[in-house]
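Summary of the model geometry
One-letter residues, chain by chain:
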Amino acid sequence: SYRLWIDGKIRFESGKTGRNDGEARPRWSTQMVSFQVQRENTEILVEVSNFDYFRAGLTNAVTVGTQPQIKQLSDDSLFLDTFLFSSLFVMAVFFALLYIVRSHNKSHIFLALFAAMIALRPLLYGECYFNKLFPNINFELNTKMYLVNFLMIQCFCLFFHYQYEELSSKKFMRVNAWLLFAVIMVGLLLPAKYMAYSVFM
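All of the points below concern the structure found in this document. (Residues numbered from 1 in each chain as written. Predicted model: local features only at pLDDT ≥ 70, side-chain atom pairs only at ≥ 80, totals over all residues. Heavy atoms only, no water.)

Re the environment of isoleucine 153
As a reminder, the rule being used: The helix and strand labels rest on DSSP assignments: H or I over at least four residues marks a helix, E over at least two residues marks a strand, and numbering proceeds from the N terminus. Each residue gets one of three labels from its accessible area relative to the maximum for its type: buried under 20%, exposed over 50%, partly exposed in between, using a 1.4 Å probe on protein chains only.
For isoleucine 153, the location among the structural elements is in helix 5 (residues 148-163). Residue isoleucine 153 is classed as partly exposed on the basis of its relative accessible area of 38%. Sequence spacing of isoleucine 153 and glutamate 47 is 106 residues, and the spatial spacing of their C-alpha atoms is 37 Å.

Structure below.
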């Protein structure tokens, strides 16, 4: 959670900052803030509190520029994320239909699931467009959505297994599946602040 101050005035707040876990309320969000320069020196202050996630402080640089410059950066990022999402989603639909209508090859359905999960990534990272669509989403649920990355790994392994069965080891697939299952279950059962340590550290 953080608050953005410009020349002593709060211009944006994400979640609620606090001195302890009881006061603070976490939230994932990004924002473009416009302001007029009133004097030679402008003070930009970011007040941050974190009791719920393993990465603390500002994880990305604050970008400063003219309003058209910042808007262009935001539009370019939106275009790229939308393009990636659309392309991967179309690929997922194509392979799902190929499996249902024609081939019944298991590798195609796992490739479709893999593409669908990758398609979600541009919405969850960077500009956090998913959070703009659902601004009131619970922080715990929002954080645990990142576990889709581990399902994505399993889908890719299953795609490779069924596409190249002669090269794939069933023993490796079983061990990999159990490891990923354990990681996902730990992530689902533990609170986000502990889940992040167990999964990412």
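Some remarks on a nonpolar patch on the surface
Selection rule: Only residues whose relative accessible area exceeds 30% and that take part in no salt bridge are eligible for patches, with like-charged residues grouped when within 9 Å of each other and nonpolar side chains (Val, Leu, Ile, Met, Phe, Trp, Tyr) grouped when within 5 Å. The accessible surface values rely on the Shrake-Rupley method and a 1.4 Å probe; as for residues, cover is taken only from the protein chains in view. Salt bridge criterion: a side-chain nitrogen from Lys or Arg within 4 Å of a carboxyl oxygen from Asp or Glu.
A surface patch of nonpolar side chains, about 430 Å² in accessible area, is lined by Ile44, Val48, Leu58, Val62 and Val64. Inspection of the secondary structure assignment puts valine 64 in the loop between strand 3 (44-48) and helix 1 (67-103).

Quick look at the state of the cysteines
Short version of the rule: Note on terminology: pairs of cysteine sulfur atoms within 2.5 Å are recorded as disulfides.
A complete count under the given rule lists 0 disulfides for this structure. The thiol of cysteine 157 is not disulfide-bonded; the next cysteine sulfur, from cysteine 155, is found 9.4 Å away. For cysteine 157, a relative accessible area of 15% translates into the label buried.

Some details on the packing of aromatic side chains
Let me state the cut-off plainly: Any Phe, Tyr or Trp ring, taking Trp's six-membered ring, that has another such ring centre within 6.5 Å forms a pair; planes under 30 degrees apart are called stacked, those over 60 apart edge-to-face, and the others tilted.
Under the counting rule described, the total for this entry stands at 9 aromatic pairs. Note on phenylalanine 160 and tyrosine 164: the rings are 5.2 Å apart at their centroids and 45 degrees apart in plane angle, and the pair reads as tilted. Here the aromatic residues Phe114, Phe156 and Phe159 are joined through ring pairs into a cluster of three or more.

A look at the nonpolar core
Worth spelling out the cut-off: The nonpolar core is taken to be a set of buried Ala, Val, Leu, Ile, Met, Phe, Trp, Tyr and Cys residues, with the residues joined through side-chain atoms within 4.5 Å. Throughout, a residue-residue contact means that at least one pair of heavy atoms, one from each residue, lies within 4.5 Å.
Ranked by internal contacts, the top residues of the largest apolar core, which has 19 residues, are Phe110, Leu111, Phe114, Met117, Leu124 and Cys155. Contributing elements (two or more residues each) for this core: helix 1, helix 2 (106-124), helix 3 (129-133) and helix 5. If you tally residues by element for this core, the top one is helix 2, at 7 residues. For methionine 117, the residues in contact, after removing those within four places along its chain, are Val148, Leu151, Met152 and Cys155.

Some details on the side chain of serine 107
The condition is simple: Definition of a polar contact: a pair of N or O atoms within 3.5 Å, with one able to donate and the other able to accept a hydrogen when the atoms are protein atoms, and with sequence-neighbouring residues admitted only if both atoms are side-chain atoms.
As for its placement among the helices and strands, serine 107 is situated in helix 2. Serine 107 sits in the buried class, given a relative accessible area of 0%. A distance of 2.9 Å separates a polar atom in the side chain of serine 107 from a polar atom in the side chain of glutamine 163. If near-sequence neighbours (up to four positions away) are discounted, serine 107 is found in contact with Phe159, Tyr162 and Gln163.

Description of helix 2
Convention followed: A helix is expected to span 1.5 Å for every residue after the first.
Between its first and last C-alpha, helix 2 extends 28 Å over 19 residues, near the 27 Å set by a 1.5 Å rise per residue. Taken as a whole, helix 2 has its buried residues at Ser107, His108, Phe110, Leu111, Ala112, Phe114, Ala115, Met117, Ala119, Pro122, Leu123 and Leu124. Residues of helix 2 that are buried in the fold lie against helix 1, helix 3 and helix 5.

Digging into the pattern of salt bridges
Overall, the coordinates contain 3 salt bridges when judged by the stated rule. The partner of arginine 3 in a salt bridge is glutamate 47, with the nearest N and O atoms 3.1 Å apart. Here arginine 3 is found in strand 1 (residues 2-6), whereas its partner glutamate 47 is found in strand 3, with 44 residues between them in sequence. Its relative accessible area of 29% is what places glutamate 47 among the partly exposed residues. Between aspartate 7 and arginine 39 there is a salt bridge, with its nearest N and O atoms 3.2 Å apart. In this pair, aspartate 7 is assigned in the loop between strand 1 and strand 2 (9-14) and arginine 39 in the loop between strand 2 and strand 3, connecting sequence segments 32 residues apart.

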